[in-house]
Amino acid sequence: MAKRIISAAIFGYFALFTVLILLLGFRWNVHRKAPEQPIAFSHEVHVGKLNLECLFCHETADKSTFAGVPPVSRCMECHVAVKTESPEIQKLTKYWNDKEPIPWNRVHRIRIRNHVYFSHERHVKAGVDCAQCHGTMAAMAKVRAVSSLKMGWCVSCHEANGAPTDCTICHM
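Residues numbered from 1 in each chain as written. Predicted model: local features only at pLDDT ≥ 70, side-chain atom pairs only at ≥ 80, totals over all residues. Heavy atoms only, no water.

S.K.: Lay out the nonpolar core in plain terms, naming residues and giving numbers.
M.R.: Ile 39, Val 72, Cys 75, Met 76, Ile 89, Leu 92, Tyr 95 and Ile 102 form the largest nonpolar core, which has eight residues in total. Going through the elements one at a time, α4 (72–79) and α5 (87–97) are the ones with two or more residues in this core. Non-local contacts of Ile 102, meaning those with residues more than four positions away in its chain, are made with Pro 38, Ile 39, Val 72, Leu 92 and Tyr 95. (Core = buried A, V, L, I, M, F, W, Y, C linked by side-chain atoms within 4.5 Å. Buried < 20%, exposed > 50% of the residue type's maximum accessible area, 1.4 Å probe, protein only. Helix = DSSP H or I, 4+ residues; strand = E, 2+ residues; numbered from the N terminus. Contact = heavy atoms within 4.5 Å.)

Spelled out as structure tokens, the structure:
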């Protein structure tokens, strides 16, 4: 009888562990999925093939807490004459003609509370490569989150790179 109880407990433990791993894997996969965007913009083309720097489009990343998305006018600097017959560029041109921003769907989300401070500017000026947090954009046709950007992940990065880990660096 005791043998059966022990066997059932061991089986139950491993069954629970397996279900937990499957649920975590599912959550991870769903969380890392690239959201649909109003325009099929490819970093693979713009960064990978054309070698555009991150700051060319995300021009406030070295001056602000937010990297921001580029205005439609930045895209139209080239696309007023480049690939104008493309359906995606025609969508872009419509936003331009209608004087509307592109309603991009957020990819990278940091749940910043009132007592937490994060600055892209501080990281860019410290020489942190964008890929360290955002992944290799040159290989992404569709942008997806590659890092959790949660506190533990950030602390691990700070420790690995000799950056300050004092709580007051991020928490006010």
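Moving on, there is more to tell.
S.K.: A description of the state of the cysteines should follow, citing residues and the corresponding values.
M.R.: Within the structure shown, the criterion is met by zero disulfides. Here Cys 133 stays free of any disulfide, with the sulfur of Cys 157 as its closest cysteine sulfur at 5.8 Å. (Disulfide = S-S within 2.5 Å.)

S.K.: Describe the side chain of His 158, listing the residues and the values that go with them.
M.R.: You can see His 158 is positioned in helix α8 (residues 151–160). Setting aside anything within four residues of it in sequence, one finds His 158 in contact with His 123, Ala 163, Pro 164 and Thr 165.

S.K.: Lay out α5 in plain terms, naming residues and giving numbers.
M.R.: All buried positions along α5 are accounted for by Ile 89, Leu 92 and Tyr 95. Across the axial projection of α5, the buried residues extend over an arc of 110°, all falling on one side. Opposite the buried face of α5, by more than 90 degrees, sit the exposed residues Pro 87, Lys 94 and Asn 97. Residues of α5 that are buried in the fold lie against α4. Remark: Lys 99 follows α5 within two positions and exhibits a positive phi of approximately 55°. (Arc of directions from axis to C-beta.)

S.K.: Before we move on, could you go through unusual backbone geometry and cite the residues and values that matter?
M.R.: Even without being glycine, Asn 51 reaches a positive phi, approximately 60°. Tracing the chain through its elements places Asn 51 in the loop between α2 (43–49) and α3 (54–57). For Asn 51, a relative accessible area of 56% corresponds to the exposed category. Even without being glycine, Leu 149 reaches a positive phi, approximately 55°. Looking at the element boundaries, Leu 149 is found in the loop between α7 (131–134) and α8.

S.K.: Outline the packing of aromatic side chains, supporting the account with residue identities and numerical values.
M.R.: According to the stated counting rule, one finds one aromatic pair in the structure shown. Between Phe 41 and Trp 104 the ring centres are 6.5 Å apart and the planes differ by 75°, which places this aromatic pair in the edge-to-face class. With Phe 41 in the loop between α1 (2–31) and α2 and Trp 104 in the loop between α5 and α6 (120–125), the pair connects residues that are 63 residues apart, well separated along the chain. Of note, Arg 74 hangs over the ring of Phe 56, and the distance from its end group to the ring centre comes to 4.6 Å. (Phe/Tyr/Trp six-rings, centres within 6.5 Å; stacked < 30°, edge-to-face > 60°. Lys NZ or Arg CZ within 6 Å of the ring centre and 35° of its normal.)

So yeah, pure geometry; function would need other evidence.
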